[in-house]
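# Coordinate analysis (summary)
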Amino acid sequence: MSDLLGRLRARGWRMTAQRRVVAEVLDGDHIHLTADEVLSRATARLPEISRATVYNALGELVSLGEVLEVVDGRAKRYDPNARPHHHLTCSACGTIRDVHPAGDPLDLLPAAERHGFQVTTAEITFRGRCPTCTTAPG
């Protein structure tokens, strides 16, 4: 589990009912929801929550560094796994999974290709077709 709620409590984030619902919707492994998906799931739990409240909470969570914004080529998605990791994305259906390959990804970029940058992090997206899309007729 990402334990997003625990991390937010430890930071002293003011936990209103609306913020709690947004955090609960996002909490878990391999969660990569769009803002509209978060809104839909949040309103199922708390019907009076507004679109603006959900979007504001997502923005705050990203600003805090507790949720990552992942752009999959279609929409922004929100990932509660704030630990360093990479993504595996299905080019057919858009499914995203967190992956943790062995080794340091910074070793993949030779010094000659860094153009003088001091590289500190890497975000890698592996693209392909998920098992469902690979076996689907078509």
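Residues numbered from 1 in each chain as written. Predicted model: local features only at pLDDT ≥ 70, side-chain atom pairs only at ≥ 80, totals over all residues. Heavy atoms only, no water.

Of regular secondary structure, the protein chain possesses 5 helices and 6 strands. Beginning at the N terminus, the succession of helices and strands in the protein chain can be written as α-α-β-α-α-β-β-β-β-β-α. Counting all 138 residues of the protein chain, 34% fall into the buried class. Looking at the protein chain alone, contacts between residues at least 24 apart form 47% of all its contacts between residues at least 6 apart. Accessible surface, the protein chain: about 8500 Å² in total, of which carbon and sulfur atoms supply 53%. For the protein chain, the centre of its 17 positive side-chain charges and the centre of its 17 negative side-chain charges are spaced 4 Å apart. (Helix = DSSP H or I, 4+ residues; strand = E, 2+ residues; numbered from the N terminus. Buried < 20%, exposed > 50% of the residue type's maximum accessible area, 1.4 Å probe, protein only. Contact = heavy atoms within 4.5 Å. Areas by Shrake-Rupley, 256 points an atom, 1.4 Å probe, with all protein chains shown as cover. Lys, Arg positive; Asp, Glu negative; His and termini not counted. Charge placed at Lys NZ, Arg CZ, Asp CG, Glu CD.)

All right, on to the pattern of salt bridges then. With the rule as written, the count across this model stands at 7 salt bridges. Residues joined by salt bridges that share partners form a network here, namely Arg-7, Arg-11 and Glu-66. (Salt bridge = Lys/Arg side-chain N within 4 Å of Asp/Glu carboxyl O.)

Strand order in the open sheet formed by 3 strands is E1-E3-E2, and the pairing between neighbours is antiparallel. Strands at the two margins of the open sheet, each flanked by one partner only, are strand E1 (33–34) and strand E2 (68–71). Here 4 bridges tie E2 to strand E3 (residues 76–79), and the two strands are oriented antiparallel to one another. Bridged to Leu-68 within E3 is Asp-79. (Pairing = 2+ DSSP bridges.)

The next point concerns unusual backbone geometry. The phi torsion of most residues other than glycine is negative, and most of the peptide bonds are trans. The backbone of His-115 sits at a positive phi, close to 50 degrees, despite the residue not being glycine. Summarising the element assignment, His-115 is placed in the loop between strand E5 (96–99) and strand E6 (125–128). When its relative accessible area of 64% is taken as the criterion, His-115 is described as exposed.

With respect to the helices and strands, Arg-77 occurs in strand E3. Under the relative-accessibility criterion, Arg-77 is labelled buried at 13%. Within polar-contact distance, the side chain of Arg-77 engages the backbone oxygen of His-32 at 2.8 Å. One polar contact links Arg-77 to Glu-37, side chain to side chain, over a distance of 3.4 Å. What Arg-77 contacts, discounting residues up to four positions off in sequence, is His-32, Leu-33, Thr-34, Glu-37, Leu-68, Glu-69, Val-70, Asp-72, Gly-94 and Ile-96. (Polar contact = N/O pair within 3.5 Å; in protein donor to acceptor, adjacent residues only side chain to side chain.)

So, on to the confidence of the model for the protein chain. Looking at the protein chain, pLDDT values average 89 and 98% of them are 70 or higher. When pLDDT is averaged over each element of the protein chain, helix H3 (residues 35–45) comes out on top at 97 and E2 at the bottom at 87. (pLDDT = per-residue confidence, 0-100.)

On to the side chain of His-32, then. Structurally, the position occupied by His-32 is in the loop between helix H2 (17–26) and E1. There is a polar contact of 3.3 Å between the side chain of His-32 and the side chain of Asp-79. Within the local environment of His-32, its side chain forms a polar contact with the side chain of His-87, the two groups lying 3.4 Å apart. If we skip the residues at most four places from it in the chain, His-32 touches Glu-37, Arg-77, Tyr-78, Asp-79, His-87, Ile-96, Arg-97 and Asp-98.

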